[in-house]
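Coordinates in review
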Amino acid sequence: MLIRTKLSPGHLYPQLTQFPGNYHDFLAAFRGGQTVDRNTYLTTADTPQTHMYKTALTSGHLITQGNPIQGESLVDIFLTDEGADSIFLPRDRKFCELAVELAKKSVHENDGELHPHVGAVVVKDGQIISTGFRGETGEGRHAEFCALKKLNEADVDHVDLSGCTVYTALEPCSERKAGKTACAVRLINANAARVVSGMPDKDKDVYGFSLLLEANIHLGLFPNDLMQELSALNKQWSDTRRKPKVFHHPTTPAHSRTFRTTNREPRWKTTSTSMFVRHNMLTVSIP
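Just so it is clear, the structure is predicted and the values come from calculations on it, not from any experiment.

1. Some remarks on the confidence of the model for the chain
On average, residues of the chain score 83 in pLDDT, and 83% of them reach the 70 mark or higher. Confidence over residues 254-287 falls short of pLDDT 50; this stretch has 60 contacts with residues more than four positions distant or in other chains.

In structure tokens, the structure reads:
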């Protein structure tokens, strides 16, 4: 994590040698930035972390900035976009696959409505530190909430996800009912470094990705085959989020054009001559 307040006497600042010993985990540890003691471990020491640090700087996978604390020899180290792109590994796929399997365990509310299948996996330094699925710890609870609650049972609003990647099967929600906190906001408040998602929410009122991006959290997507699997798993629910629009080729005569509007209401905009065909028009194949 980035340190902005001088530590009290007797407390040591993070040392480069405390970071993981393999290159990909080493890079991942710097998502969101890390403050490190500026000493010989960064320059002349013969340690795996020293060699990886030099390689990462040369390759553009890491960059450094001065730390603002006066009177201390510190440096802030950040993972670059190029560095982030270089570390989506088979291990990432393993965590995505686990999120899909957790999603299949979702426990839905008994309210007569459709709900999504969602699983979440929290990973730090290549190790799983928590998992969750919808409804695991209580009716209606989102997967991200369930995973965070396991990290701090007493106060889920005070969880530290610095350096963590959260793999979640669905775009995190951006708004909740009164008294509840949206999952995207929880991940931002917890300082998550990266969020990898399996599918977007079709609802026009969900903007979790935008919130995370604006908070400078790295975003990623599941491999395409897993996204397709989640799309099929959640199709019935997803279809209730936004009705399909009917698109027409620009050359379609104006008198026969028909298209859907709004998010959930089955209203139609039509021309007077298209009313008789609207019930038969569910999709249109555009050449």
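2. What about the nonpolar core?
Ranked by internal contacts, the top residues of the largest apolar core, which has 38 residues, are Leu-161, Tyr-167, Leu-187, Phe-222 and Leu-230. Of all the secondary structure elements, the ones that give two or more residues to this core are helix H4 (90-103), strand E4 (119-124), helix H5 (143-151), strand E6 (164-168), helix H6 (183-189), strand E7 (194-197) and helix H8 (224-233). For this core, the leading source of residues is H4, giving 6 residues. Residues within four places of Leu-187 in sequence aside, it is in contact with Leu-148, Leu-161, Val-166, Pro-172, Ala-192, Val-195, Leu-212 and Ile-217.

3. Concerning H5
Quick reminder: α-helices carry 3.6 residues per turn. Residues three or four places apart thus point the same way. Burial analysis of H5 places 7 of its 9 residues in the buried class, which makes it a mostly covered element. For H5, the full list of buried residues reads Ala-143, Glu-144, Phe-145, Cys-146, Ala-147, Leu-148 and Lys-149. The elements touched by buried residues of H5 are E4, strand E5 (127-133), E6 and H6.

4. Details of H8
Of the residues making up H8, those classed as buried are Leu-226, Met-227 and Leu-230. Buried residues of H8, seen end-on, are gathered within an arc of 105° and therefore sit on one face of the element. Structural note: H8 exposes Asn-224 and Ala-232 on the side pointing more than 90 degrees away from its buried face.

5. What to know about empty space enclosed by the protein
Unoccupied space between atoms shows up once a probe the size of one water molecule is rolled over them. Tallying each qualifying case throughout the model produces 1 cavity of 30 Å³ or more. Volume-wise, the largest cavity comes out at about 130 Å³. Forming the boundary of the largest cavity are 16 residues, of which Ala-28, Arg-91, Thr-165, Tyr-167 and Arg-194 lie nearest the centre. Breaking the lining of the largest cavity down by element, the ones donating at least two residues are helix H1 (23-28), H4, E4 and E6. Looking at the lining of the largest cavity residue by residue, the classes come out as 5 nonpolar, 4 polar and 7 charged.

6. Some remarks on the sheet that holds E5
The 5 strands are arranged E5-E4-E6-E7-E8 in an open sheet whose pairing can be described as mixed. Edge positions in the sheet fall to E5 and strand E8 (218-221), since each of these pairs with one other strand and no more. The average undirected angle you get between the axes of adjacent strands in this sheet is 20°. Sheet strands touched by H5: E4, E5 and E6. Its angle to E5, the strand with the most contacts, is close to 130°.

7. A look at the sheet that holds strand E3 (residues 74-79)
Pairing is antiparallel across the open sheet formed by 3 strands, whose spatial order is E1-E3-E2. Of all strands in the sheet, those bounded by a partner on one side alone are strand E1 (34-37) and strand E2 (62-66). For this sheet the average axis-to-axis angle between neighbouring strands, irrespective of direction, equals 35°. As defined by bridge partners, E2 adjoins E3 across 5 bridges and the pair is classed as antiparallel. Within E3, the residue paired with Gln-65 across the bridge is Asp-76. Those strands touched by helix H2 (residues 48-59) are E2 and E3, and its axis lies near 95° from that of E2.

8. Some words on the pairing of E4
The buried fraction of E4 is high, at 5 of 6 residues. Of the strand pairs in this sheet, E4 and E5 are connected by 6 bridges, and their pairing is antiparallel. Among the inter-strand pairings, Ala-120 is bridged to a residue of E5, identified as Gly-132. Hairpin geometry of E4 and E5 is characterised by an intervening segment of 2 residues between the two adjacent antiparallel strands and by a positive phi of about 50° at Asp-125. Across 5 bridges, E4 lies against E6 in antiparallel orientation. Looking at the pairing, Val-123 lines up with Thr-165 of E6.

About the criteria used
- Residues numbered from 1 in each chain as written.
- Predicted model: local features only at pLDDT ≥ 70, side-chain atom pairs only at ≥ 80, totals over all residues.
- Heavy atoms only, no water.
- pLDDT = per-residue confidence, 0-100.
- Contact = heavy atoms within 4.5 Å.
- Core = buried A, V, L, I, M, F, W, Y, C linked by side-chain atoms within 4.5 Å.
- Buried < 20%, exposed > 50% of the residue type's maximum accessible area, 1.4 Å probe, protein only.
- Helix = DSSP H or I, 4+ residues; strand = E, 2+ residues; numbered from the N terminus.
- Arc of directions from axis to C-beta.
- 1 Å grid on protein atoms, 1.4 Å probe; cavity = no way out; pocket = protein on both sides within 12 Å on 5 of 7 lines; lining within 4 Å.
- Points joined across faces, edges and corners; volume = space filled by probe spheres on them.
- Nonpolar A, V, L, I, M, F, W, Y, C, P; charged D, E, K, R; others polar.
- Pairing = 2+ DSSP bridges.
- Axes fitted to C-alpha atoms, helices over the stretch in contact; angles between N-to-C directions.

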